[in-house]
Amino acid sequence: DYAGRRIVVIGSGATAVTLVPSLAERAEHVTMLQRSPTYIASLPGTNPLTRLIRKVLPRRWQGSVLRWTNALATQASFKLSKRRPALVKRVLRKGIERELPPGYDIDTHFSPRYDPWDQRLCVVPDGDLFRSIREGSAEVVTDRVDSFIPTGLRLASGRELDADIIVTATGLELLFL
């Protein structure tokens with residue numbers, strides 16, 4: 001039971017950005033600790049195109065059309081990112097600026113050093129991560145772990161993060177074949 005507890009989630013990938021707002025609903029406070037930022041985009045939890053396709057197409061075609069539509073949209077995003085990375089960076093940043101309070105330090109916490117799609121782009125369903133940040137139930141800290149201490153973590157900067165629970169969401173190791 002983590003209700004009313006202080007939680008630090010270490011990581012900034014898909015697991016972390018979906019876990020943090022979910023935990024923030026009941027925790028006292030959740031901190032997403034990342035070594036470096038990840039590109040994050042807010043998308044609707046339910047694709048409006050899905051609703052349209054389900055209204056106009058026969059059931060037997062819906063799955064195939066939705067899979068192809070999603071695959072083609074992802075490919076288009078990838079190709080645009082490779083051809084016009086500066087444009088995609090601006091679009092992603094504008095989306096984040098709309099989601100966060102004025103003056104939020106986007107450069108530190110949401111501006112990766114690499115181009116979009118050089119690493120995977122994370123999607124935040126319905127902007128729930130950003131909503132948790134706006135409401136103050138979650139925060140993003142960009143720093144490195146120096147050590148674990150009895151009250152939580154000491155960061156390389158010297159800052160200490162209080163934590164009752166620490167979750168490592170630091171990636172997966174894919175074993176191909």
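Just so you know, these numbers come straight off a predicted model, no measurement behind them.

**Q** Help me understand the overall build of the protein in this model?
**A** Summing up its helical and strand segments, the protein has six helices and nine strands in all. Element-wise, carbon and sulfur atoms account for 53% of the exposed surface of the protein, whose accessible area totals about 11,200 Å². In the protein, 26 side chains carry a positive charge and 19 a negative one; their mean positions are 13 Å apart.

**Q** Help me understand the pairing of strand 6 (residues 145-149) in this model?
**A** Taken residue by residue, a regular strand's side chains alternate between the two faces of the sheet. Relative to strand 7 (residues 152-155), strand 6 runs antiparallel, the two being bridged by four bridges. In the strand pairing of strand 7, Phe148 is matched with Leu153. From the end of strand 6 to the start of strand 7, which pair antiparallel, there are two residues.

**Q** Would you mind showing me how to read the environment of Arg98 here?
**A** Within the secondary structure, Arg98 is located in helix 4 (residues 85-99). Residue classification places Arg98 among the exposed positions, given a relative accessible area of 68%. Sequence spacing of Arg98 and Phe130 is 32 residues, and the spatial spacing of their C-alpha atoms is 9.6 Å.

**Q** What's the story with the sheet that holds strand 7 in this structure? I'm lost.
**A** The strands that make up a sheet pair up through hydrogen bonds in the backbone, lying either parallel or antiparallel. An order of 6-7-8 is seen for the three strands of this open sheet, with the pairing classed as antiparallel. Each of the sheet's edge strands pairs with one partner strand only, and the pair in question is strand 6 and strand 8 (160-162). Geometrically, the sheet is characterised by an average inter-axis angle of 25 degrees between neighbouring strands, direction not taken into account. Direction of pairing for strand 7 relative to strand 8: antiparallel, over a ladder of three bridges. Paired with Arg154 across the strands is Glu160, a residue of strand 8.

**Q** I tried to follow the sheet that holds strand 5 (residues 138-142) on my own but got confused; where do I start?
**A** Across the sheet, four strands lie side by side as 5-2-1-9; this open sheet has parallel pairing. Of all strands in the sheet, those with a lone pairing partner are strand 5 and strand 9 (165-168), marking the two edges. Here the average twist between neighbouring strands, direction ignored, is 20 degrees. The sheet contact formed by strand 1 (residues 6-10) and strand 9 spans four bridges and is parallel. Bridge pairing in strand 9 places Val9 opposite Val167. Against the sheet, helix 1 (residues 14-24) contacts strand 1, strand 2 (29-34), strand 5 and strand 9, and its axis sits at roughly 165 degrees relative to strand 2.

**Q** I tried to follow the environment of Phe130 on my own but got confused; where do I start?
**A** Note on placement: Phe130 falls in helix 6 (residues 128-135). When the C-alpha positions of Phe130 and Tyr2 are compared, they lie 21 Å apart, and in sequence the two are 128 residues distant. Apart from the residues within four sequence positions on either side, Phe130 is in contact with Ile40, Ser42, Ile96, Glu99, Leu100, Phe110 and Val124.

**Q** Honestly, the nonpolar core in this entry has me stumped. Any pointers?
**A** Soluble globular proteins: nonpolar side chains tend toward being buried together. Core analysis: the biggest nonpolar cluster contains 23 residues, and Val9, Val30, Ile40 and Phe110 have the highest contact counts within it. Elements supplying a minimum of two residues to this core: strand 1, helix 1, strand 2, strand 4 (122-125), helix 6 and strand 5. Element by element, the count of residues in this core is highest for helix 1, at five residues. When sequence neighbours within four positions are dropped, the list of residues in contact with Phe110 reads Pro37, Ile40, Ile96, Leu100, Tyr104, Phe130, Ile133 and Val140. Counting eight residues, the second largest nonpolar core, distinct from the first, contains Val8, Ile10, Val141 and Leu153.

**Q** I tried to follow a nonpolar patch on the surface on my own but got confused; where do I start?
**A** Where nonpolar side chains cluster on the molecular surface, the patch consists of Leu49, Leu52 and Val56 and spans about 260 Å² of accessible area. Examined against the element boundaries, Leu52 turns out to sit in helix 2 (residues 48-56). Leu52 gets classed as partly exposed once you look at its relative accessible area, which sits at 46%.

Conventions we followed
- Residues numbered from 1 in each chain as written.
- Predicted model: local features only at pLDDT ≥ 70, side-chain atom pairs only at ≥ 80, totals over all residues.
- Heavy atoms only, no water.
- Helix = DSSP H or I, 4+ residues; strand = E, 2+ residues; numbered from the N terminus.
- Areas by Shrake-Rupley, 256 points an atom, 1.4 Å probe, with all protein chains shown as cover.
- Lys, Arg positive; Asp, Glu negative; His and termini not counted.
- Charge placed at Lys NZ, Arg CZ, Asp CG, Glu CD.
- Pairing = 2+ DSSP bridges.
- Buried < 20%, exposed > 50% of the residue type's maximum accessible area, 1.4 Å probe, protein only.
- Axes fitted to C-alpha atoms, helices over the stretch in contact; angles between N-to-C directions.
- Contact = heavy atoms within 4.5 Å.
- Core = buried A, V, L, I, M, F, W, Y, C linked by side-chain atoms within 4.5 Å.
- Patch = residues over 30% accessible without salt bridge, like charges linked within 9 Å, V, L, I, M, F, W, Y side chains within 5 Å.
- Salt bridge = Lys/Arg side-chain N within 4 Å of Asp/Glu carboxyl O.

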